[in-house]
Amino acid sequence: MFTRDFLRLTGSALIAHRLRSFLTTLGIAVGIAAVILLTSIGEGIHQFVLAEFTQFGTTIVGINPGKTSTHGASTGVFGTVRPLTLEDAQALQRLPFARAVVPLVQGNAEVEAGNRRRRTTVYGVGAQMPQAFSMQVKSGRFLPADDPSAPRAFAVLGSKLRHELFASENPLGQRLGIGGSRYRIIGVMEEKGTVLGFDLDDTVYIPAARALELFNRDSLFEIDLMYAADVRSETVVKGIRNLLLARHGREDFTITTQEQMLDVLGSILNILTFAVGAIGGISLLVGAIGIGTIMTIAVNERTAEIGVLRALGARRAQVLGLFLGEAMVLAALGGVVGLVAGIGIAQLLHLLLPALPVHTPWLFVILAETVALLIGLAAGVLPARRAAGLDPVEALRGE
Amino acid sequence: MNGSDISRFAWVALRGYPTRTLLMLIAMAIGVAAVIVLTSLGEGARRYVTDEFSSLGTNLLIVFPGRSETAGINPTTMMGETPRDLTLDDALALTRSYSVRRIAPLNVGAADISWRNRQREVTVIGTTREMLAIRHWELAQGDFLPATDPDLATPVCVIGGRIRSELFGARRALGEWLRIGDRRFRVIGVMASEGRSIGVDVQETVMIPVASAQQLFNTPSLFRILVEAKSREAIQPVKRFIIDTLQARHQGEKDVTVVTQDAVLATFDRIFSALTYAVGGIAAISLMVAGILIMNVMLVAVSQRTAEIGLLKALGAAPRQIIVLIIAEAFLLSSLGALLGLLLGQIASAGIRHAFPVLPAQAPLWAAVTAVLVALITGVLFSLLPARRAARLDPVLALSRR
Amino acid sequence: MIELHQVHRDFLVGDQTVHALNDINLTITAGEYLSIMGPSGSGKSTLLNLIGLLDRPSSGQYLLDGEDVTTLGDVQQAHTRNRRIGFVFQAFHLVPRLTAAENVELPLILAATPPQERRERVAAALEALNLSDRARHKPEQLSGGQRQRIAIARATITEPAVLLADEPTGNLDHQSGGDVIETLERLNRRAITLIVVTHDAELGARASRRILMRDGRIESDKRTDRA
């Protein structure tokens, strides 16, 4: 039998029962649409989060004080007996693969300029921060590469803080009071937006040594190291570990590569996407049962036709193929309709709620259609086998 | 035709096609069971988290140093430092309200501890005796931190059960001297094995007097102050009292954040409830698919039973009676399916509870009721079209066809 | 061309064995016109199904053109039915959703005959039966006689050597039944072997060889020579 004839025979059977075929298709379509819609949203969020993370570059390693404890989070941030110091940061700078090293102290303080005051996030950082985190200075310049232990009292503003404190005035050269000390403003950063809950524009950057003093700490929060792109992250981690081990005598720090973080994050988000997809897939299962039911009915109704086909010389395999084909065409059509509906609704959602990122990768589209076909196959197997197994004499006697 | 006749008629019709009926039952059951199981998971997660938060204490307020312009908690207030710290004196000032039952200052850090040649790094909590009552913790051996002046850096410690077994094995821990950082502390108590709560595993911590912790970490500041109000109604007044008191002590600067346990609980409750609704709703899509299936099969049944319907009409059945018959069949189908699904869903939930005892997975009543109702309504709604089609059949044509 | 040797066919009804065919020995030569008659349950339809390879004997041997087809597998049996045997049924058994022409075309579709050739052969077959103007009609739009003639066209489109007809006029009025029989006999005159199973004595008498069956056995086997 030629494929074209096969399709024509199958098609004629489906068209003969239009409403029935339509409803069966609808069942699968609803299921596929649900899966596509949910995974699109999941994937959209996945990409959104990854983009948020990678905007700082991927060749970054974070070093925190304290060894990671059993529950995963480093407790070192709260207070620790062995600090991570500015000297550690300076030592790290001498590693051959280090492109930029940024000591980091973070805190919350009230800043004042003129008669305006605002409570804001204060970052104590090093001169190489813009380079490491691919951030841009909008006007003026960033903190200069002073002696890290005795830097001059300069400050650089985030764009939001600049507007809050100075409105349309030019802040460059103005004085800024932070926790009783005076700083001179030498630059304003480009807008960066909110990243994972941190408003990066409502900030002020000052030299790390001065922040340590301000907050009365002896340990940095974190040291971030950007390495050359052609160096393997394992080499970097090993280099940092050896250096700090030599300086501290023991491993009382935690090294986290951006890669590791992205891996963990990516796998969590993948599991989430998979989970919502699977929940949506339950309706696909019900749709499959629908195909099975309708095909069972079709085999019962068309017993005589099956007998005739066999009498006219159709092989069992051909009968099996015809009914399987019907089931698969139903499922495939449902798949296509569901895909279009799913993608359509996803895009519509995105239009209505621009905050909700959606993304439908081609892989999902192909996967969904394949799943639909497999569903047709699985749902059609039993009825089709029943059709193929019918005794032609019995089949012809009926009715 | 009375009710029992109608249901018998529907039952016989369904029994006539066992395969088809079984498949439709399974379809309906899957939908209902999916809703039940998924909402029970969501509800279980919600209960788990809120229970964990409730176990933090009752009528609790938590004071953080630092405050950001945007209200609420944000990551910076959780971890950042401020120029002006919360001090032990700040904490003690908070006891001067009638509505405050007790307070506990809290300092947290990581440090090495060692005993003889065994060593490990642990989370060290600096606090006072009140902590025991606030968190409802229990001791396995010995006593908790002494009720002395909080300013007194007594060299004693209470250790978690796992630390006890790791450092001391089968030996007696009470009375032994531990080295924490560069200081020595005497073990006076061991925590009981229960008492896990969000973030901190009591089993993995060592507790020392708050003043000792400040010396150990070389800081005058506190990480948090836990405040327990006398009653639920007292929570808001206490919150205002805390803010006012600390503002007065901090030269008029509002630089603390006070979070009530209720607010945190309510937030989690909202998040998880929304999650449960969403997941249940997604699962309910399968109920719709099952409804479409029932409509489809009822349509087939109507066209297959054309002669039968024609005969009924010829015997004097009114269109309304035909409609009732078809709907009754669909109703029977969906109610049986819903019951089956309810049963399967409850069994699966019980299985989850059995496999993960910490997760109280139990479908909320609203979910079970809604799932069954939606199943029934879908069944009836989707059988309207076939029923009307049957009622409109021309009896002469219906009988003459084949 | 058809040889049956000691053929038995037993059915299990409940826990009782029914001998539908009991020691059948029959030889049919090419081009014969044979009628099989007998009361209900005498085994005539079973015999026909067996000859048509829709059924297998419980024991015995069936030679078709000297080849033992008793033990053929499903695929070869289907192939043999398709090429060498044609069926005509009492209930016509046209596929209701296909047009007359498409019904006739079915065996050729199953045999994967090229479309161009198919079209020509179907057109010729319909033309020969005077049904060209009905080619696009669905079975439900045709009269009983027309339906049965379409069925005959379908049975003969692969030019089989044997045509098996099971009560071909059973569902037809006298007039169209006559048309159908004439059509069948015309085919027989063109050397097709025609085997008709019928209740109808008048119809059975037209055959040159008449077999009467009773209780699964051949009771009589009469021939008349026709000029």
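Draft legend 1. Just the overall build of chain C, in detail. A tally of regular secondary structure across chain C gives seven helices and ten strands. Relative to the globule expectation of 17 Å for 227 residues, the C-alpha radius of gyration of chain C, 18 Å, shows essentially globular dimensions. Along the longest, intermediate and shortest principal axes, the C-alpha atoms of chain C span 50 × 40 × 40 Å. Counting every position in chain C, which comprises 227 residues, the buried fraction comes to 54%. If you sum the accessible surface of chain C, you get close to 10100 Å²; carbon and sulfur atoms cover 46% of it. Within chain C, the 30 negative side-chain charges are centred at a point lying 4 Å from the centre of the 27 positive side-chain charges.

Draft legend 2. View of the overall build of chain A. Counting its secondary structure elements, chain A contains twelve helices and twelve strands. For chain A, whose C-alpha radius of gyration is 33 Å, the value lies well above the compact-globule estimate of 21 Å for 399 residues. By principal-axis analysis of the C-alpha atoms, chain A measures approximately 100 × 50 × 35 Å. In chain A, which comprises 399 residues, the proportion classed as buried is 55%. Sequence separation of at least 24 residues holds for 79% of the intrachain contacts in chain A that already meet a minimum separation of 6.

Draft legend 3. Up close: the packing of helix H2 (residues 18-54) of chain A against helix H8 (residues 258-301) of chain A. Residues and elements named next belong to chain A. The geometry of H2 relative to H8 is characterised by a closest axis approach of 9 Å and an angle of 180 degrees between their N-to-C directions. With respect to H8, the element H2 is oriented roughly antiparallel. Its residues assigned to classes, the contact of H2 with H8 shows 19 nonpolar, 17 polar and three charged.

Draft legend 4. A look at the sheet that holds strand S4 (residues 59-64) of chain C. Residues and elements named next belong to chain C. As summarised here, the arrangement of the four strands in space is S2-S1-S4-S5, forming an open sheet in which the pairing is antiparallel. The sheet is open, and its two edges are formed by strand S2 (16-28) and strand S5 (67-68), each paired on a single side. Taken together, the nine bridges between strand S1 (residues 2-13) and S2 define a ladder with antiparallel strand orientation. Paired with Leu 4 across the strands is Leu 26, a residue of S2. Here helix H1 (residues 44-51) sits on the sheet and contacts S1, S2 and S4; the angle it forms with S1, its principal contact strand, is near 120 degrees.

Draft legend 5. Summary view of a positive patch on the surface. Residue and element names in this part refer to chain A. Side chains of Arg 141, Arg 175, Arg 182 and Arg 184 sit close together on the surface and give a patch of like positive charge. Examined against the element boundaries, Arg 182 turns out to sit in strand S7 (residues 181-189). In this structure Arg 182 comes out as exposed when scored by relative accessible area, which is 57%.

Draft legend 6. Just the packing of aromatic side chains, in detail. Residues and elements named next belong to chain B. Counted under the stated rule, the structure contains six aromatic pairs over all chains. Considering the side-chain rings of Phe 268 and Phe 272, the 6.5 Å spacing of their centres and the 20 degrees angle between planes classify their relative orientation as stacked. Note that Phe 268 and Phe 272 are positioned in helix H9 (residues 261-304) at a spacing of four residues, about one turn of the helix. Here Phe 268 falls in the partly exposed class, since its relative accessible area comes to 28%. Its relative accessible area of 16% is what places Phe 272 among the buried residues.

Draft legend 7. Molecular detail of the side chain of C:Arg81. Looking at the secondary structure, you find C:Arg81 in helix H2 (residues 74-84). Buried and without a salt bridge, C:Arg81 has C:Asp74 as its closest oppositely charged side chain, separated by 4.9 Å. Here C:Arg81 is in contact with A:Arg310, A:Ala311, A:Gly313, A:Ala314, C:Gly52, C:Leu53, C:Leu54 and C:Phe87, once residues within four sequence places are set aside.

Draft legend 8. Spatial organisation of the confidence of the model for chain C. This prediction gives chain C a mean pLDDT of 90; 99% of its residues lie at or above 70. When pLDDT is averaged over each element of chain C, strand S8 (residues 193-198) of chain C comes out on top at 94 and H2(C) at the bottom at 89.

Draft legend 9. Summary view of the arrangement of the chains. The interface with the most contacts, out of two pairs of chains in contact, is the one formed by chains A and B. Spatially, chain B is disjoint from chain C: no contact exists, and the shortest C-alpha separation is 11 Å.

Draft legend 10. Looking closely at the sheet that holds strand S7 (residues 162-166) of chain C. All names here are of chain C. Ordered by their spatial adjacency, six strands build an open sheet running S6-S7-S8-S3-S9-S10, and the pairing between neighbours is mixed. The open sheet has two free edges, formed respectively by strand S6 (85-88) and strand S10 (217-223), since each of these has just one partner strand. Going from strand to strand, the sheet's axes swing by 15 degrees on average, the running direction of each strand aside. Relative to S8, S7 runs parallel, the two being bridged by five bridges.

Draft legend 11. Local environment of the pattern of salt bridges. Going through the model one piece at a time under the given rule, you end up with 40 salt bridges over all chains. Note that C:Arg206 is salt-bridged to C:Glu185, the shortest N-O span being 2.8 Å. Of this pair, C:Arg206 sits in the loop between helix H7 (201-205) and strand S9 (209-214) while C:Glu185 sits in helix H6 (residues 174-189); the two residues are 21 residues apart in sequence, bridging distant segments of the chain. Residue classification places C:Glu185 among the buried residues on the basis of a relative accessible area of 8%. One network of salt bridges, in which partners are shared, links A:Asp5, A:Arg8, C:Glu105 and C:Arg118.

Draft legend 12. Representation of the interface of chain C and chain A in the model. Contacts between the two partners involve 25 residues from chain C and, on the opposite side, 26 residues from chain A. Surface buried jointly by chain C and chain A totals about 2400 Å² across both partners, of which 63% is contributed by carbon and sulfur atoms. Among the residues chain C hides against chain A, the three largest losses belong to C:His93, C:Arg97 and C:Leu110. Together they make up 30% of the total. On the surface where chain C and chain A come into contact, there are five salt bridges. Linking C:Arg118 and A:Asp5 is a salt bridge whose minimum nitrogen-to-oxygen distance equals 2.6 Å. Summed over the shared surface of chain C and chain A, the number is ten residue pairs in polar contact (both at pLDDT 80 or more). Secondary-structure elements contributing two or more residues to the side of chain C that touches chain A are H2, helix H3 (100-110) and helix H4 (115-128) of chain C. When grouped by side-chain class, the residues that make up the side of chain C that touches chain A number 14 nonpolar, four polar and seven charged.

Draft legend 13. Molecular detail of the pairing of strand S7 (residues 183-191) of chain B. Residues and elements named next belong to chain B. Note that strand S4 (residues 139-142) and S7 share three bridges and pair antiparallel. Within the sheet, the bridge partner assigned to Gly 142 lies in S7 and is Gly 189. Where strand S5 (residues 156-159) and S7 come together, four bridges link them in parallel fashion. Directly across from Val 158, in S7, lies its bridge partner Gly 189. Relative to S7, strand S6 (residues 177-180) runs antiparallel, the two sharing four bridges. Each bridged residue has a counterpart across the sheet, and for Ile 180 the counterpart in S7 is Arg 183.

Draft legend 14. Quick peek at the domain arrangement of chain A. According to the domain assignment, chain A consists of domain 1 (3-52 + 264-397) and domain 2 (83-251). The straight-line distance from the C-alpha centre of domain 1 of chain A to that of domain 2 of chain A is 56 Å.

Draft legend 15. Representation of the side chain of C:Glu105 in the model. Here C:Glu105 lies in helix H3. Given a relative accessible area of 12%, C:Glu105 falls into the buried group. Apart from residues no more than four positions distant in its own chain, C:Glu105 is found in contact with A:Arg8, C:Arg118 and C:Val122.

Draft legend 16. Quick peek at the nonpolar core. Ranked by size, the top nonpolar core spans 69 residues in total, and within it C:Ile2, C:Leu4, C:Leu47, C:Ile51 and C:Ile195 carry the most contacts. Among residues more than four places away in sequence, those in contact with C:Leu47 are C:Leu4, C:Leu21, C:Ile24, C:Leu26, C:Ile36 and C:Met213.

Draft legend 17. Expanded view of the confidence of the model for chain A. Looking at chain A, pLDDT values average 85 and 94% of them are 70 or higher. Across residues 69-79 of chain A, where pLDDT falls below 50, the model places 19 contacts with residues more than four positions away in sequence or in other chains.

Draft legend 18. Seen up close, the environment of B:Ile347. For B:Ile347, the position within the fold is in helix H11 (residues 319-355). Residue classification places B:Ile347 among the exposed residues on the basis of a relative accessible area of 54%.

Draft legend 19. Inspection of the environment of A:Tyr205 at higher detail. Inspection of the secondary structure puts A:Tyr205 in strand S10 (residues 203-207). The sequence separation of A:Tyr205 and A:Asp391 amounts to 186 residues, and the corresponding C-alpha distance is 85 Å.

Draft legend 20. Spatial organisation of unusual backbone geometry. Residues and elements named next belong to chain C. Positive phi values are uncommon outside glycine, yet Gln 6 reaches one of about 45 degrees. With respect to the helices and strands, the residue Gln 6 is situated in strand S1. Although it is not a glycine, Ala 112 adopts a positive phi angle of roughly 60 degrees. Relative to the helices and strands, Ala 112 resides in the loop between H3 and H4.

Rules used throughout
- Residues numbered from 1 in each chain as written.
- Chains lettered and ligands numbered in written order.
- Predicted model: local features only at pLDDT ≥ 70, side-chain atom pairs only at ≥ 80, totals over all residues.
- Heavy atoms only, no water.
- Helix = DSSP H or I, 4+ residues; strand = E, 2+ residues; numbered from the N terminus.
- Rg over C-alpha atoms; globule rule 2.2 N^0.38 Å.
- Buried < 20%, exposed > 50% of the residue type's maximum accessible area, 1.4 Å probe, protein only.
- Areas by Shrake-Rupley, 256 points an atom, 1.4 Å probe, with all protein chains shown as cover.
- Lys, Arg positive; Asp, Glu negative; His and termini not counted.
- Charge placed at Lys NZ, Arg CZ, Asp CG, Glu CD.
- Contact = heavy atoms within 4.5 Å.
- Axes fitted to C-alpha atoms, helices over the stretch in contact; angles between N-to-C directions.
- Parallel < 35°, antiparallel > 145°, perpendicular 65-115°, else oblique.
- Nonpolar A, V, L, I, M, F, W, Y, C, P; charged D, E, K, R; others polar.
- Pairing = 2+ DSSP bridges.
- Patch = residues over 30% accessible without salt bridge, like charges linked within 9 Å, V, L, I, M, F, W, Y side chains within 5 Å.
- Salt bridge = Lys/Arg side-chain N within 4 Å of Asp/Glu carboxyl O.
- Phe/Tyr/Trp six-rings, centres within 6.5 Å; stacked < 30°, edge-to-face > 60°.
- pLDDT = per-residue confidence, 0-100.
- Buried area = accessible area lost by both parts, 1.4 Å probe.
- Polar contact = N/O pair within 3.5 Å; in protein donor to acceptor, adjacent residues only side chain to side chain.
- Domains from an automatic or database assignment.
- Core = buried A, V, L, I, M, F, W, Y, C linked by side-chain atoms within 4.5 Å.

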